[in-house]
2 protein chains.
Amino acid sequence: MAFNKRIKIKSLLENASAGEKATLMGWVRTKRSNKHVTFIALNDGSCIQNYQVVADPARISEEILKKANTGASIKVHGSIVDSQGAGQQTEILAEKITLLGEADPEKFPIQPKKHSLEFLRENAHLRVRTNTFGAIFRIRHHLAFAVHQYFHDRGFFYVHTPIITASDAEGAGETFQVTTLDLKNPPRDEHNNINFGEDFFERATNLTVSGQLEGELAALALSEIYTFGPTFRAENSNTTRHLAEFWMIEPEMAFYDAEDNQDLAEDFLQYIIRFALEHCKEDLAFLDKRAAEEEKEKKAELRSDMGLLDRLEFVTQNEFVRISYTEAFEILKDSKPNKKKKFTFPIVDWGTDLQSEHERFLVEKHFKKPVIISDYPKAIKSFYMKQNEDGKTVAAMDILFPGIGEIVGGSQREERLDKLTERMEELGISQEELWWYLDTRRFGTTPHAGFGLGFERLVQFVTGMGNIRDVIPFPRTPGNAEF
Amino acid sequence: MAFNKRIKIKSLLENASAGEKATLMGWVRTKRSNKHVTFIALNDGSCIQNYQVVADPARISEEILKKANTGASIKVHGSIVDSQGAGQQTEILAEKITLLGEADPEKFPIQPKKHSLEFLRENAHLRVRTNTFGAIFRIRHHLAFAVHQYFHDRGFFYVHTPIITASDAEGAGETFQVTTLDLKNPPRDEHNNINFGEDFFERATNLTVSGQLEGELAALALSEIYTFGPTFRAENSNTTRHLAEFWMIEPEMAFYDAEDNQDLAEDFLQYIIRFALEHCKEDLAFLDKRAAEEEKEKKAELRSDMGLLDRLEFVTQNEFVRISYTEAFEILKDSKPNKKKKFTFPIVDWGTDLQSEHERFLVEKHFKKPVIISDYPKAIKSFYMKQNEDGKTVAAMDILFPGIGEIVGGSQREERLDKLTERMEELGISQEELWWYLDTRRFGTTPHAGFGLGFERLVQFVTGMGNIRDVIPFPRTPGNAEF
């Protein structure tokens, strides 16, 4: 017989009215009792709100009520009634409570008190049962869904690019090797090198750092595509901004130039943030308060002018500033912090890469808006970016967000075979390995463009969480692959 | 200046009417000329239909028309007019054609003729430009979108479970190792074993074979979740049914028992197939014809009773048959092929696993319907499945589809700590490594269930493609990690 005959708390709050019967299932968040009555705050994860269960000890056994501690799982059957107390409109008057699973209060780690984020990271298997992480992962879901909705509605096709690959897309960043060889005693060739010919794929393979190159192949057939999958960096970066395993969204569009690319990226970012604002009101309100409390603990000069919700509204309602690298360079060169030598990396010569401190100055101090910087010096960008007429810059763009820095990186791609191979030669990138990539420039090449969005950076921005490890369920970082 | 000022052919077919001006961009599929006119069939990947471009040599230069060969990329500006020819309602009378990218007819591999699927696999970077693969990948997109839509509408949350993991979820199948150690000269401990303490994660790690265990953690907080991500098997299986890298959908639901799980799986499968039927009419009509032609080449006794579309309609309109393993065993034991010793693996004793030949007999010959088999002998199923009262079986289920075999595998999970650890001990599975999994049975455990759907198997079923390598853009199989 089917067991799942219940109403979720989210539906109950939206639809139920006093007088109806209902069955709820969920986990006890808190319990408080007096002689006459026990109140249980029940949460089932469908929304941040708990639902109040009112248990009359004359009706519900002491045995059950004693065990309905924080973390325990229960099934409640009863009548929905108008609530006498503040904080909720209705509550359930329990006729029967079944204990599904206990939670020993001496042992259950997630007690109703403030836990440090670090403690909760160590208990990532249970942290989803807190208000903060419940909210984060519901918002994460809605952002992911909005990504699919946005592209689907516009006729983009979702493409799964390979995770295991023999090519290192950008020559960017260190990669994880993937192998089935016996590491203790791998086969070797006559020069004592590892003989990858005996490996699973008969060659050396690694985890992808980007699906872009394969995405281009699909775009040059289906017009407009996007990827949404895991990517990997084996960088030994123990920061609040880096993960070894993270999710990327990479749209790629035939017949787009650099401006089309910027238009799409701006519209896309505004759409998905607006989607979260519309569909995650309660969760965002909770995180907005949480962020405000965190803010209070900071020194006055480090506090943000805007709250979390203000910031999200602001981004969806204002056009992004668009400037070239050269304009950004001039602004930075003439800026107060540069003149006063406050930057760790002083801005002196055109051509140097912008550091996080420069990006934050532009976004948070100078423009106070999201900024799209375009046309970077070609020496600091990837081989596949379209070379501009000036011979010095490429049609790249980065989008910078307050508090986060770079959230999107993209470019028009170099569609001209001769320019592309010339640049590959300069950089020592093998044309033989990328024969298939070059084929798209040989056969029916066309202007095209794309960008990459780090999904966790976006979730950080929308939830206001300072540490990227708190916006992915089970973070992978140097020394950490638990769960 | 923005370049992408065009209308996609899909929109044009849906909306445009004679008399309007339009700009199209796409790739030439075919070209035919006579003295008075050149006809170009243009495709932009937005749909399977080509759009007919009519070029008057008095207006469009010979130079351009000569180069507008199959595979070339062009931009066409002109007027939409009612078509004189059969096969289309409207066409575009070209006023200007710009050649964006040539395709040398001597070198471009995808010429307008029949190519073998094997040839196209070797040219996977270009095969998306064919009718067959364009259709397959548009359908793949729609199926993926339907997955997200279905779960989102029902309050399930999308959870990204880790790809790199230190635990081998099921003890099932061989895994790919993930490492940053120097393979040529890895660090060793005093026993000459590899010292994984110096590896990136400070332990041995591999690619996930399933997100289920982590999915359960999330479900036991958020109630209903699903995963949709890549999973990996390092099995040396060179078959038409196996990939080393494939995508899995794994819903996991708290408060569900085995029957709830079956109800969800059946409803879910019918929904996404119906979604494809509604949204991919032209692509499916094309593949239906393709499948019918393939069928003709088979021997009469191997031919299917139903065409592709018939089969899809049939699955969405009929309830799945639900039987227990024991009932399936009895049917098979008494079946003609068993009595006539036609099965490679004869059915003799209760407890043996069902092979592909048995599954196909049940689905294609006996019931002629999708079949859900439940309550398998515990010895042939995983440790985490709920043990039934009979002491012999577990609350597992497999869903079998015609032509595909197993498309879904799932179970109610063992929520009782004592039963679970007992089974782990019997099977020699480390409780220490899975401490976090066991914690969910210690704290607020509850009946819960879930299943896994191999996405490529589903795409195979819906597209009618016989080889799984033809339904994922860049397949990974033993010896093959190209592109």
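Above: the structure in question.
This structure is a prediction, so every number in the text was calculated from the model and none was measured. (Residues numbered from 1 in each chain as written. Chains lettered and ligands numbered in written order. Predicted model: local features only at pLDDT ≥ 70, side-chain atom pairs only at ≥ 80, totals over all residues. Heavy atoms only, no water.)

A. Molecular detail of the packing of helix H9 (residues 325–333) of chain A against helix H11 (residues 356–367) of chain A. Residue and element names in this part refer to chain A. Interhelical geometry of H9 versus H11 gives an angle of 80 degrees and a closest axis separation of 11 Å. With respect to their mutual orientation, H9 and H11 come out roughly perpendicular. Contacts between H9 and H11 involve Ala-328, Ile-331 and Leu-332 on the former and, on the latter, His-358, Phe-361, Leu-362, His-366 and Phe-367. Grouping the constituent residues of the contact of H9 with H11 by class yields six nonpolar, two polar and no charged. (Axes fitted to C-alpha atoms, helices over the stretch in contact; angles between N-to-C directions. Helix = DSSP H or I, 4+ residues; strand = E, 2+ residues; numbered from the N terminus. Parallel < 35°, antiparallel > 145°, perpendicular 65-115°, else oblique. Contact = heavy atoms within 4.5 Å. Nonpolar A, V, L, I, M, F, W, Y, C, P; charged D, E, K, R; others polar.)

B. Region of the structure containing the sheet that holds strand E3 (residues 51–55) of chain B. Residues and elements named next belong to chain B. Spatial strand order, E1-E2-E3-E5-E4: five strands in a closed barrel with mixed pairing. Along the sheet, successive strands turn relative to each other by an average axial angle of 55 degrees, direction set aside. Strand direction decides the pairing type here: E3 and strand E5 (residues 90–101), joined by two bridges, are parallel. In the strand pairing of E5, Val-54 is matched with Leu-93. (Pairing = 2+ DSSP bridges.)

C. Fine view of the interface of chain A and chain B. With 121 residues of chain A at the contact, the number on the chain B side is 121 residues. Here chain A meets chain B over a buried area of about 10000 Å², counting both sides, of which 63% is carbon and sulfur. The largest share of the area that chain A buries against chain B comes from A:His160, A:Phe255 and A:Phe443, three residues that together contribute 8% of it. Here chain A and chain B share six salt bridges between them. Linking B:Arg6 and A:Glu224 is a salt bridge whose minimum nitrogen-to-oxygen distance equals 4.0 Å. No other element matches the eleven residues that helix H4 (residues 131–153) of chain A contributes to the side of chain A that touches chain B. As judged from the three bridges shared by strand E8 (residues 177–179) of chain A and strand E8 (residues 177–179) of chain B, these two strands associate in the antiparallel manner. (Buried area = accessible area lost by both parts, 1.4 Å probe. Salt bridge = Lys/Arg side-chain N within 4 Å of Asp/Glu carboxyl O.)

D. Expanded view of the relation of the copies chain A and chain B. Rotating chain A by 180 degrees about the axis while translating it 0.0 Å along that axis superimposes it on chain B, leaving an RMSD of 0.0 Å. The superposition of one copy onto the other is thereby described by a two-fold rotation axis. If distances are taken from each C-alpha of chain A to the rotation axis, the shortest is found for A:Val178, at 2.4 Å. In this assembly the copies share their binding face: 100% of the residues contributing to the interface of chain A also contribute to that of chain B. (Least-squares fit on C-alpha atoms with pLDDT ≥ 70 in both.)

E. Looking closely at the packing of aromatic side chains. For the structure on display, the rule yields 61 aromatic pairs over all chains. A centroid spacing of 5.2 Å and a plane angle of 50 degrees characterise the contact between A:Phe443 and B:Phe108, whose relative ring orientation is tilted. Of this pair, A:Phe443 sits in the loop between helix H13 (435–442) and strand E16 (448–454) while B:Phe108 sits in the loop between E5 and helix H3 (117–122), each in a different chain. Looking at A:Phe443, the relative accessible area reads 5%, which means it is buried. On the basis of relative accessible area, B:Phe108 is assigned to the buried category, the value being 4%. The ring of A:Tyr271 has A:Arg154 sitting right over it, with the charged end atom 5.4 Å from the ring centre. (Phe/Tyr/Trp six-rings, centres within 6.5 Å; stacked < 30°, edge-to-face > 60°. Buried < 20%, exposed > 50% of the residue type's maximum accessible area, 1.4 Å probe, protein only. Lys NZ or Arg CZ within 6 Å of the ring centre and 35° of its normal.)

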